Each structure stands twice: as structure tokens, then as C-alpha cells.
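Structural description and commentary
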Amino acid sequence: MKPGLFARLNRVGAWMALLFLVLPALIAIPVSLTPKRFLSMPKGDYSWRHFEFLFSSPEWLSSFAQSGIIAVSTAVLATALGTLAAIGLWRVTSKYSEMVRAFLLLPLIIPQIISAMAFYRLLIPLGLLDTYAGLILAHTVLAAPLVLITVSASLANFDPKLEQASRNLGAPAWTTMRRVILPSIRPGVFAGALFAFILSWDEIVVTLFISKFNVYTLPRRMWNGIRENTDPTVAAAAVVLIAVTLGAFAVSAIVSRQRAQTALKED
């Protein structure tokens, strides 16, 4: 098989797999436009009433705000912890570093229901159950491994001689990290922050376990809306979640392309 033909088949297969995963979620778009009061496909008539209710309801707006606060806080903390862990494991090369890396990646391997039970047991004695701090802490633990992976991938392409040159010129360790290492691995840091934000924005399993009444995120409100009734506002909220997620990935792709073009011009 010719290399060009293999590349085209690989590209077609990737698009088919992507469509297979994404298309079922897009059913929420027509359902959100139904004029009826229950979940149904519109038949000729379309209505924006459920979007109007979504953006005028104090309960839904509060859930949007809470999810945004928690997701942004999680992204900041997870990015800081994951980046520092990746740099530390990159600089300390030993037989134990891979063991530590595997341990830090455990939240990605352990089923979320097990993690949710563990967080529940941990947060009760700390008095953090059903609080912003407790949910941000839990989401940070789940999201930090994603940052560790993306930053480690960027560090794999980083030339250690740049760090050595900076240290030989008398720059302190913090200055070297801030002016040499971090700018070079910025794409990985940005990608990790994006993944951390999306994980927290969409997370539901852990949230159901450790939040009750004080913290009511958007996925939790959607879950209760499906369980207690069939309000099409849930579909409208799902469309907003999809739009935010796709928008975040679009921004990431645009920024990555601009940086690649800038790097090519500099070369």
C-alpha cells in the first residue's frame, strides 16, 4: 500500500471515529428547539423558549456561575501542580521517577465512582463536604494528571542545553524556569489548563457524591432535571455545554496554529 493512500485512509478513519463519538451528542440541538414542554423532536415548529428560560432562570444562571468558578479555579490549581510535577520529574531522572509518575496518574486509571467514594470519606472529617473548596480540591486531583501528561510531552521536546546555558550565565533556578523553561513548554501548559477546565466543567460523578444543596453545578442540575422531569431546558443546557467545549478547543487550535506559524517565521 502506498504511503499516501495509507495516510488518507488513516485520516478518513479518524474522521469517522470522531463523527461516531460526536454525532449522538448533537441530538440535543433539535430537542432543545422543541416548542413542547417535554423532551421531544420538533415536527415543523421550532422555539427558542427553552433557551430564553435557561438564561433568565436564577437557578440555571446560578449553576452556570458555580460551574464557571469551580472550573476556572480547578484549571489554575491543576495547571500549577501538574506543571511543577512534570518539571520536577523531568529534572530528577531516576528509577523512582517513573514510579512517582505512575502514582500521580492513578486518578486517570481509578474509576470515578471509586474516587467519588474516597473523596466523600476524606472531606467529611475536614468539613469540606458540599463546599466550593471541597469540590475544587476533588476536581484538581482529577485534573492534575492531564496537565502532567501534556506538560511532560512538551518537555520531551525541550533542549536541556537551554537550561544549562541560562544557569551558566548566572540566572537563578526560578529565573531560568520563568524565562526559559515555561515559555518553551507554554503550549503544553495551555493544553493542560484547557483539559482541566473541561474536565471540571463537565464532571458529574464526583459532584453527585460530595455536593448536596450549597453547591449546585450545571451538570448536577441537568442530572436532576432528567431524573425528576423531562424539561427540554436540560437539552438547551447541553447545547451550551457542547458550545463551550467546542469553543475552548477552537481557541486552543487557533493559538497552537499561530504559535507554530510564529516559530516557522523565526526559523
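A brief structural summary.

This paragraph deals with the overall build of the chain. Within the chain, the regular secondary structure consists of 14 helices and zero strands. If you list the helices and strands of the chain from N to C, you get α-α-α-α-α-α-α-α-α-α-α-α-α-α. Along the first, second and third principal axes, the C-alpha atoms of the chain reach 70 × 60 × 35 Å. Expressed as a percentage of the 267 residues in the chain, the buried residues total 37%. For the chain, the share of sequence-separated contacts (at least 6 apart) that also reach a separation of at least 24 residues comes to 72%. Here the chain displays about 15900 Å² of accessible surface, and carbon together with sulfur accounts for 69% of that area.

Now for the pattern of salt bridges. This model, assessed by the stated rule, comprises one salt bridge. Notably, a salt bridge pairs Arg101 with Glu98, separated by 3.6 Å at the nearest N-O pair. Of this pair, Arg101 and Glu98 both sit in helix H5 (residues 97-104), three residues apart, which is roughly one turn of that helix. A relative accessible area of 19% places Arg101 in the buried class. Classification of Glu98 as partly exposed rests on a relative accessible area of 48%.

What follows concerns empty space enclosed by the protein. Evaluated as defined, the whole model comprises one cavity of 30 Å³ or more. In this structure, the largest cavity is lined by Ser67, Ile70, His139, Ser200, Trp201, Glu203, Thr207, Thr217 and Pro219. Elements represented by at least two residues in the lining of the largest cavity include exactly helix H4 (58-91) and helix H11 (186-202). Among the residues forming the lining of the largest cavity, the class breakdown is three nonpolar, five polar and one charged.

This part takes up the packing of aromatic side chains. One pass over the full model with this rule turns up four aromatic pairs. Judged by centre distance (5.5 Å) and plane angle (50 degrees), the rings of Trp48 and Phe51 are tilted. Note on Phe51: relative accessible area 12%, which makes it buried. Over the aromatic face of Tyr216 sits the side chain of Arg220, whose NZ or CZ is 5.3 Å from the ring centroid.

Further remarks concern the environment of Ala144. By secondary structure assignment, the location of Ala144 is in helix H8 (residues 132-156). Given the relative accessible area of 16%, Ala144 is considered buried. Counting along the chain gives 62 residues from Ala144 to Gly82, while the straight-line C-alpha distance between them is 4.9 Å.

Moving on to the packing of helix H9 (residues 160-168) against helix H10 (residues 173-184). Relative orientation of the contacting elements H9 and H10 amounts to 135 degrees, with a least axis distance of 10 Å. Here H9 lies oblique to H10, going by the angle between them. Considering how the two elements wind past one another, H9 and H10 form a crossing that is right-handed. Contact residues: Leu162, Glu163, Ser166 and Arg167 in H9; Ala173, Thr176, Val180 and Ile181 in H10. Of the residues belonging to the contact of H9 with H10, the class tally is four nonpolar, two polar and two charged.

A few words now on the nonpolar core. One finds Ala78, Ile87, Val151, Leu155, Ile181, Ile185 and Ala196 to be the most contacted residues of the largest nonpolar core, which totals 18 residues. Those elements that provide at least two residues to this core are H4, H8, H10 and H11. Looking at which element gives the most residues to this core, the answer is H8, with six residues. Excluding residues that lie within four positions of it along the chain, Ala78 makes contacts with Thr83, Thr140, Ala143, Ala144, Val147 and Ala196. Among the nonpolar cores identified, the runner-up in size contains 17 residues, and Trp201, Met222, Val234 and Val240 belong to it.

So, about the environment of Thr79. In this fold, Thr79 is placed in helix H4. Separated by 46 residues in sequence, Thr79 and Pro125 place their C-alpha atoms 27 Å apart. Residues within four places of Thr79 in sequence aside, it is in contact with Thr74, Val147, Val189, Gly192 and Ala193.

Locating Thr217 in the fold gives a position in the loop between helix H12 (205-210) and helix H13 (218-228). With near-sequence residues (within four places) excluded, Thr217 lies in contact with Ser63, Gln66, Ser67, Ile70, Leu135 and Thr207.

Thresholds applied
- Residues numbered from 1 in each chain as written.
- Predicted model: local features only at pLDDT ≥ 70, side-chain atom pairs only at ≥ 80, totals over all residues.
- Heavy atoms only, no water.
- Helix = DSSP H or I, 4+ residues; strand = E, 2+ residues; numbered from the N terminus.
- Buried < 20%, exposed > 50% of the residue type's maximum accessible area, 1.4 Å probe, protein only.
- Contact = heavy atoms within 4.5 Å.
- Areas by Shrake-Rupley, 256 points an atom, 1.4 Å probe, with all protein chains shown as cover.
- Salt bridge = Lys/Arg side-chain N within 4 Å of Asp/Glu carboxyl O.
- 1 Å grid on protein atoms, 1.4 Å probe; cavity = no way out; pocket = protein on both sides within 12 Å on 5 of 7 lines; lining within 4 Å.
- Points joined across faces, edges and corners; volume = space filled by probe spheres on them.
- Nonpolar A, V, L, I, M, F, W, Y, C, P; charged D, E, K, R; others polar.
- Phe/Tyr/Trp six-rings, centres within 6.5 Å; stacked < 30°, edge-to-face > 60°.
- Lys NZ or Arg CZ within 6 Å of the ring centre and 35° of its normal.
- Axes fitted to C-alpha atoms, helices over the stretch in contact; angles between N-to-C directions.
- Parallel < 35°, antiparallel > 145°, perpendicular 65-115°, else oblique.
- Left-handed = near helix turned anticlockwise from the far one by under 90°.
- Core = buried A, V, L, I, M, F, W, Y, C linked by side-chain atoms within 4.5 Å.

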